[in-house]
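# Structural features, examined
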Amino acid sequence: MADNIDLIWQQLRATRWDPPAAAGANQERRRTYVMALEQAEQLMRAAGDVGPAASPLLLFYGLSQAGRAVASAAAALTGTDWRLEGHGIRVFPGSALAAANLADVTTVTDEPTNRGSFARLSKLLGSPLWPRSAEELVRLEVLWDCLPESRDLPLRGGSRDRRTVLNVEHRSVSAEPTPIVDTAVWPLPAWVMDAEDGHVSLAEYLSSFVLGERAPIPYVLASDCGPPRFDRHVDDWGEVTMNWQLPDGLPWEKAEKMAFLKSFTRQYVGGRLLCPTVTSERKSVHPLMAWWAVLFVLSMLARYEPARWNAHIDVDSSPHAVHLERILTQAREVIPHLVAETLQEVR
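Residues numbered from 1 in each chain as written. Predicted model: local features only at pLDDT ≥ 70, side-chain atom pairs only at ≥ 80, totals over all residues. Heavy atoms only, no water.

Before going further, it helps to examine the pairing of strand β10 (residues 271-274). In β10, alternate side chains face the same way, and those of Gly271 and Leu273 on one face and Arg272 and Leu274 on the other are all buried. As defined by bridge partners, strand β4 (residues 166-168) adjoins β10 across 3 bridges and the pair is classed as antiparallel. Counterpart to Leu166 in the pairing with β10 is Leu274. Looking at chain direction, strand β9 (residues 266-268) and β10 are connected through 3 bridges and run antiparallel. (Buried < 20%, exposed > 50% of the residue type's maximum accessible area, 1.4 Å probe, protein only. Helix = DSSP H or I, 4+ residues; strand = E, 2+ residues; numbered from the N terminus. Pairing = 2+ DSSP bridges.)

We now examine the packing of aromatic side chains. Under the definition given, this model contains 9 aromatic pairs. A ring pair is formed by Trp191 and Tyr205, whose centres lie 6.0 Å apart and whose planes are at 65°; its orientation type is edge-to-face. One end of the pair, Trp191, is in helix α7 (residues 190-194); the other, Tyr205, is in helix α8 (residues 198-206), with 14 residues separating them in the sequence. Classification of Tyr205 as buried rests on a relative accessible area of 0%. The structure contains a cluster of three or more aromatic residues connected by ring pairs, namely Phe60, Tyr61, Trp292 and Phe296. (Phe/Tyr/Trp six-rings, centres within 6.5 Å; stacked < 30°, edge-to-face > 60°.)

Right, let's talk about the nonpolar core for a bit. Most often, soluble globular proteins have nonpolar side chains that are buried together. Counting residues in hydrophobic clusters, the biggest one holds 77 residues, and the most contacted among them are Trp291 and Leu295. Beyond its immediate stretch of four places on either side in the chain, Leu295 contacts Pro56, Leu59, Phe60, Leu63, Leu328, Ala331 and Ile335. Ranked by size, the runner-up nonpolar core spans 23 residues in total, among them Val173, Val192, Trp244 and Phe260. (Core = buried A, V, L, I, M, F, W, Y, C linked by side-chain atoms within 4.5 Å. Contact = heavy atoms within 4.5 Å.)

Next up on the list: the pairing of strand β8 (residues 238-245). In terms of strand pairing, strand β5 (residues 180-188) meets β8 through 7 bridges, oriented antiparallel. Paired with Ile180 across the two strands is Gln245, which belongs to β8. The pairing of strand β7 (residues 231-232) with β8 spans 2 bridges and is classified as antiparallel. In the sheet register, Asp231 faces β8, and the bridge partner there is Glu239.

Put into structure tokens, the structure is as follows:
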């Protein structure tokens, strides 16, 4: 994996002599793009040289600087809109870091009109915000579950309310013109597959996922019109093959089907994801912003509550310690990929 990370950073470095058009619009914007990427790489590489006591700080600020490069490269941000000011997300209330269980640390964001990094980039990427005025708080546990890597690392015991991201197998989409797109979707928890009525349990689970503005209607492939045919994996999670009905009911070519899938999934390290909602707003969290929110909370703990953070990462006494170590390691491996994909998305 280290070689792969090096390759991604090399690809990102290769964009600096000839940045995306928006980043080259003026010298200040170009300089921000170049130096923000340089700082992001140095900070995230440095995170690999320290332990979990300090790595959240380096990882978060590395991602924050990468976000400045993304904003500089975004064609949709004109004038001075590409300039970011402040975090744009905070822990609420301020005492929550010291008092709350790790899973229950709550966050709020800036308003969509603010220049805070999280708010501006979320708006750019079609990702939700939860400002205090909306009377919505989002717990770390919910944001944590928006990371694909967290599936087997829950911050709390298993719950029927838990929603983790779903992979959508887009590589096997049929080239034959049809009025449906059939894909495998996974991982589904055991309670969905074990329910007496699989159609009802699957619909209940999928109701927490955004299926796009055109609301494609999922239904399960079953030649006998019987219950969903779940395929249980050895880890007790499973998958099912879905038909996504195309909006006009007409046969579409493969390129059109792929565009349709992209309209309600998010790209993630070469794959496609169905991401759960975290607020009443029917928007899925962009993967880059999910990582941003999680690393922000962890970095605030490490910075402002070092004794409490040390208790969380103590493998002799904390149930979260190994999970936190794994997520922090995964962050160094995944985020460079996400930055590269997001730069392609916004240019």
